[in-house]
Amino acid sequence: SSGINAEYGPGKVDENIVEKEIEKIISFRKKKIAKNGSIEKGDLVNFDFEGFVSGKSFDGGKAEKFDLEIGSGQFIPGFEDQMIGLNKGDKKEISVKFPEDYHAENLKGKESVFKISINEIFAQEIPEFNDEFAKSLGINEVSNVKEFKDYVTHVFSLEAEQKSKIKFQREVFDKIIKKVEINLPVQVIAKEIDKEFLRMQEDLKRQKTSMSQYMKLTGQNEKTIRSSLREAAIVKLKDAI
């Protein structure tokens with residue numbers, strides 16, 4: 001019988017990805033400090049707003065006690081800039097034009113007016129990245145900056161390895177498919193995916209990482225992980241047959 005040739009190599013971790021992830025984690029833990037001054041770029045503003053197009057309100061154009069980081073680009077262009085300089089308690093009408101490529105068909109390219117009212121203004125302080133910060137994250141066996149960097153690198157190496165395994169299994173799978181035609185019942189595949197998922201949880205546990213920590217750091221959820229394990233499960237089942 002002819003063999004199936006496929007190469008498997010361990011995944012490599014890009015240091016830039018690790019640094020970016022650490023920056024992201026630090027920015028998630030910004031401290032909010034209530035301020036009495038006017039709104040500046042980078043401030044977090046709690047405000048009420050209602051939008052109108054041709055004098056009429058529209059779906060999704062109204063909210064109360066909404067938090068917005070000024071300069072984040074979360075709102076349509078020009079909106080956040082017009083909030084700069086306002087103070088707590090101020091009311092203002094902001095005029096902006098919806099972009100031509102806006103996701104809501106009825107608002108594309110339309111001129112609009114938003115009535116806004118400022119409730120609270122917070123300055124945001126990015127915490128210093130030191131041992132104290134690393135300890136405050138509450139991760140097992142992480143008590144300083146080096147251990148935290150090692151931990152993030154380790155989680156990403158697990159992800160890189162997972163991706164490398166999936167790539168390898170996909171190559172094997174494609175080659176098996178060319179050789180064998182087997183129809184597998186959906187329930188059987190689902191059961192095998194469950195097994196793969198549990199196996200992955202056990203692997204993470206051995207590495208002193210929980211599935212929820214892994215998801216948080218890699219930006220995945222159970223659905224995306226399960227779909228990535230699908231081909232591995234099918235390869236195993238066909239291999240068993």
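Structure shown above.
Conventions used here
Residues numbered from 1 in each chain as written. Predicted model: local features only at pLDDT ≥ 70, side-chain atom pairs only at ≥ 80, totals over all residues. Heavy atoms only, no water. Helix = DSSP H or I, 4+ residues; strand = E, 2+ residues; numbered from the N terminus. Contact = heavy atoms within 4.5 Å. Areas by Shrake-Rupley, 256 points an atom, 1.4 Å probe, with all protein chains shown as cover. Patch = residues over 30% accessible without salt bridge, like charges linked within 9 Å, V, L, I, M, F, W, Y side chains within 5 Å. Salt bridge = Lys/Arg side-chain N within 4 Å of Asp/Glu carboxyl O. Lys, Arg positive; Asp, Glu negative; His and termini not counted. Charge placed at Lys NZ, Arg CZ, Asp CG, Glu CD. Buried < 20%, exposed > 50% of the residue type's maximum accessible area, 1.4 Å probe, protein only. Phe/Tyr/Trp six-rings, centres within 6.5 Å; stacked < 30°, edge-to-face > 60°. Lys NZ or Arg CZ within 6 Å of the ring centre and 35° of its normal.

### Some remarks on the overall build of the protein
Within the protein one finds 6 helices and 5 strands. Put simply, 65% of the contacts in the protein that link residues at least 6 apart link residues at least 24 apart. Of the roughly 15,400 Å² of accessible surface on the protein, 49% is carried by carbon and sulfur atoms.

### Digging into a negative patch on the surface
Residues D14, E15, E19 and E23 make up a contiguous surface patch of negative charge. You can see D14 is positioned in the segment before α1 (15–28). Accessibility expressed as a relative area gives 38% for D14, which makes it partly exposed.

### Thoughts on the packing of aromatic side chains
Geometrically, a pair of aromatic rings is defined through the distance of the ring centres and the angle of the planes. This model, assessed by the stated rule, comprises 16 aromatic pairs. Considering the side-chain rings of F47 and F75, the 6.0 Å spacing of their centres and the 55 degrees angle between planes classify their relative orientation as tilted. Here the residue F47 occupies a position in strand β2 (residues 44–53), and F75 occupies one in the loop between β3 (56–69) and β4 (91–97), the gap between them amounting to 28 residues. Chaining the aromatic ring pairs together yields one cluster made of F47, F49, F58, F66, F75, F79, F98, Y102 and F114. One cation-aromatic arrangement involves K32 over F122; the distance from NZ or CZ to the ring centre is 4.6 Å. Positioned above the aromatic ring of F197 is the side chain of R226, whose terminal nitrogen or guanidinium carbon lies 4.4 Å from the ring centre.

### Structural notes on the side chain of E196
Tracing the backbone shows E196 in helix α4 (residues 186–206). By relative accessible area, which is 9% here, E196 ends up buried. Aside from chain neighbours lying at most four places away, what touches E196 is L229, A232, A233 and K236.

### Considering the pattern of salt bridges
Scanning the model with the defined rule gives 13 salt bridges in all. The residue K205 makes a salt bridge to E202 at a minimum N-O spacing of 3.8 Å. Of this pair, K205 and E202 both sit in helix α4, 3 residues apart, which is roughly one turn of the helix. The class for K205 is exposed, based on a relative accessible area of 57%. Residues participating in the shared-partner salt-bridge network are K35, E40 and D43.

### Side note on unusual backbone geometry
Negative phi values dominate among residues other than glycine, just as trans dominates among peptide bonds. Here the phi dihedral of K65 falls at roughly 50 degrees; this positive angle occurs in a residue that is not glycine. The residue K65 is located in strand β3 in this model. Residue K65 is classed as exposed on the basis of its relative accessible area of 64%. One non-glycine residue, E141, lies in the positive phi region at around 60 degrees.

It is worth stressing that arrangement in space is one thing and function is another; only the former is reported here.
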